Amino acid sequence: MSLHLENGASRVAPVVRQAVADGLLGEDRPLAGFVDVQGVRDSVAGLHEAFGQVPEVLHTFAAKACALVPVLRLLADAGMGCEVASPGELRLALDAGFEPARIVLDSPAKTRQEIREALALGVALNADNLAELERVDALRPAECASVVGLRVNPQVGSGAIGAMSTATEHSKFGVALRDPGARARVVEAFARRPWLTRLHAHVGSQGCPLPLIAEGVAALHHLAEEINAHVGGRQITSLDLGGGLPVNFTDDTVTPTYADYVAALTAAEPALLDGRYRLVTEFGRSLLAKNGFLAARVEYVKDAGGRRIALTHAGGQVATRTVFMPGAWPLRVSAHGPDGSPKRTPLLPQDVAGPLCFAGDVVAHERPLPELAEGDLVVLHDTGAYYFSAPWAYNSLPRPGVYGYLQRDDRVTFATVRRAQTVREISMESGLAQADALLSGFTAPSLP
Ligand SMILES: *Cc1c(COP(=O)(O)O)cnc(C)c1O
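Keep in mind it's a predicted model, so treat the numbers as computed, not measured. (Residues numbered from 1 in each chain as written. Predicted model: local features only at pLDDT ≥ 70, side-chain atom pairs only at ≥ 80, totals over all residues. Heavy atoms only, no water.)

Enquirer: What's the story with the overall build of the protein chain in this structure? I'm lost.
Expert: Across its full length, the protein chain holds twelve helices and 18 strands. By the compact-globule yardstick of 22 Å for 448 residues, the protein chain fits well, its C-alpha radius of gyration being 24 Å. Looking at the 448 residues of the protein chain, the share that counts as buried comes to 52%. A fraction of 67% describes how many contacts in the protein chain between residues 6 or more apart in sequence connect residues 24 or more apart. Summed over all atoms, the accessible surface of the protein chain reaches about 19,300 Å², with 54% contributed by carbon and sulfur. Looking at the protein chain, you have 41 positive and 49 negative side-chain charges, and the mean spots of the two groups are 3 Å apart. (Helix = DSSP H or I, 4+ residues; strand = E, 2+ residues; numbered from the N terminus. Rg over C-alpha atoms; globule rule 2.2 N^0.38 Å. Buried < 20%, exposed > 50% of the residue type's maximum accessible area, 1.4 Å probe, protein only. Contact = heavy atoms within 4.5 Å. Areas by Shrake-Rupley, 256 points an atom, 1.4 Å probe, with all protein chains shown as cover. Lys, Arg positive; Asp, Glu negative; His and termini not counted. Charge placed at Lys NZ, Arg CZ, Asp CG, Glu CD.)

Enquirer: Sorry, what's going on with the UniProt feature "domain: Orn/DAP/Arg decarboxylase 2 C-terminal" (unreviewed entry) in the protein chain here?
Expert: Look at the UniProt record and you will see "domain: Orn/DAP/Arg decarboxylase 2 C-terminal" (unreviewed entry) annotated at residues 290-384. Helix makes up 5% of residues 290-384 and strand 45%, and the two end C-alpha atoms of the span are 6 Å apart. (UniProt positions renumbered as here; feature names shortened; annotations may be inferred.)

Enquirer: Got a minute to help me understand the site of the ligand in this structure?
Expert: Lining the immediate environment of the ligand, one finds 14 residues, of which K64, S205, E282, R285 and Y386 sit closest. E282 is positioned with one of its side-chain polar atoms (N or O) 2.7 Å from a nitrogen atom of the ligand. In the complex, 93% of the free accessible area of the ligand, which totals 390 Å², lies under the protein chains. (Near = heavy atom within 4 Å. Polar contact = N/O pair within 3.5 Å; in protein donor to acceptor, adjacent residues only side chain to side chain.)

Enquirer: What should I look at first to understand the domain arrangement of the protein chain in this one?
Expert: Size of an interface, as often reported, equals the accessible area lost when the parts are brought together. When the domains of the protein chain are assigned, the result is domain 1 (3-35 + 290-423) and domain 2 (37-289). The gap between the C-alpha centroids of domain 1 and domain 2 is 33 Å. In this complex, domain 1 contributes 27 residues to the contact, which on the side of domain 2 involves 27 residues. The largest contributions to the domain 1 side of the interface with domain 2 come from K290, N291 and Y386, which together make up 30% of the buried area. Counting every contact that joins domain 1 to domain 2 gives two salt bridges. (Domains from an automatic or database assignment. Buried area = accessible area lost by both parts, 1.4 Å probe. Salt bridge = Lys/Arg side-chain N within 4 Å of Asp/Glu carboxyl O.)

Enquirer: What is the right way to look at the UniProt feature "active site" (unreviewed entry) in the protein chain in this model?
Expert: Sites flagged by UniProt as "active site" (unreviewed entry) map to C357. Assignment of secondary structure puts C357 in the loop between β14 (347-353) and β15 (362-370). Judged by relative accessible area, C357 falls into the exposed class, the value being 63%. Setting aside its immediate chain neighbours within four residues, C357 contacts Y394 and N395.

Enquirer: I tried to follow the packing of helix α2 (residues 37-50) against helix α9 (residues 258-268) on my own but got confused; where do I start?
Expert: Describing two packed helices takes the angle between their axes plus the distance from one axis to the other. Packing of α2 against α9 brings their axes to within 8 Å, and their N-to-C directions diverge by 25°. As far as their axial angle goes, α9 and α2 are roughly parallel. In this structure, α2 meets α9 at a crossing whose hand is right-handed. Only Y258, A259 and V262 of α9 make contact with α2, whose side of the interface consists of S43, G46, L47 and A50. (Axes fitted to C-alpha atoms, helices over the stretch in contact; angles between N-to-C directions. Parallel < 35°, antiparallel > 145°, perpendicular 65-115°, else oblique. Left-handed = near helix turned anticlockwise from the far one by under 90°.)

Enquirer: How should the pairing of strand β16 (residues 377-380) be read in this particular structure?
Expert: Regular strands have side chains that alternate between both faces of the sheet. Burial of the side chains of β16 extends over both faces: L377 and V379 are buried on one face and V378 and L380 on the other. Pairing analysis gives four bridges linking strand β11 (residues 292-304) to β16, with the strands arranged antiparallel. Within β16, the residue paired with A296 across the bridge is V378. (Pairing = 2+ DSSP bridges.)

Enquirer: Explanation requested: the pairing of strand β5 (residues 124-127) in the structure shown.
Expert: Burial of β5 is two-sided: the residues A124 and N126 facing one way and the residues L125 and A127 facing the other way are all buried. As judged from the two bridges shared by strand β4 (residues 103-105) and β5, these two strands associate in the parallel manner. Bridging from a neighbouring strand, V104 pairs with A124 of β5. Traced from β4 through helix α5 (residues 112-121) to β5, the parallel crossover comes out right-handed. Read as a crossover between parallel neighbours, the route from β5 over helix α6 (residues 130-139) to strand β6 (residues 148-153) is right-handed. (Right-handed = clockwise from strand over helix to strand, strands pointing away.)

Laid out in structure tokens, this is it:
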């Protein structure tokens, strides 16, 4: 994949300049994440507009893509629901102010306690498999406001990134629909449970072409029709289509769009959007990726084996996927001077490396960029989803500060989304309160 210059430097420059002027970035704050607040609202509006002709749709945001309470609250305010997949994500969604009825719980390994809590709250729940449905049988209270669905894997195949493809033959998610006897077991599971009213699939994510996603969603619709015909009524009333719209990481263009997605669904199954089924979507990356970026300071530059390397503060702790799978997750990088202005000097192939003690910690290899120097800044574009919001604690590096910004009349203003973590906080979450635990008596551990 070619990732070349018009790399978004001028678009983010006013924000980076103001962040430097406000002290959010600099020698003592060498890494920060930024969220474009108006951009998020515009992306949500684009999603709602694309589905405008469908009578009833609940668009949920996949919390894992940007698990930050103020961002989730912004999304709730913009009209989104929330898809969660762990007790932590459920807590964040509730703290962000989502109504339980607008939350969908999708984890593939829910404990009995998690199921009980979701059902008591009235949070919708998609069972991952038939064994989980049996737990729901036992735990579901007589009065239950939760919509309960079943996740199926239409097994339509893989996209370009295996690890992001959830509808493969051997995927761990959902009931593998094309396995011998599986379809009949699913139909029977619905026939025995009149309260089971939703079917769910999430075909995959980055790297999955639209026709593949649409084929999986169409298969979901066919199955719903078959089940409703079998039970002789409209037991299944809603379809949860999952998320997974891929994101263009090569330039500023948003492609494919939500309108492209809706067109692909309509082509695959014209009846899907006719309003007979309420719809749920679960987009993450496509709502946030292009509405956020990381900026990091260049600490040193050096040469090794004839190659220029810039040692920056953005590496695997915030770009984990990119450093482990650079071919699958390339990022645009732009070069800025210490004040945030784009550098305009001639291009030189450079490695842009991170601060981790791990040789693979390189976010861009031999990338042609204006020659970087100590004190410059690099921007990692399109990192609003799954990057700064899902940091990796390797080397005990702190979670970076994250700031939302608004650009109005050439003025950029910031709001703190998450403070940078302090070294004291790192020590505390690393067992500081039990510092003597391995030296003194081994009494029974106290559990929370
Ligand atoms: C991760 C996930 C999503 C969101 O995927 P994106 O590629 O970020 O849109 C939606 N649904 C489920 C079940 C997921 O696991």
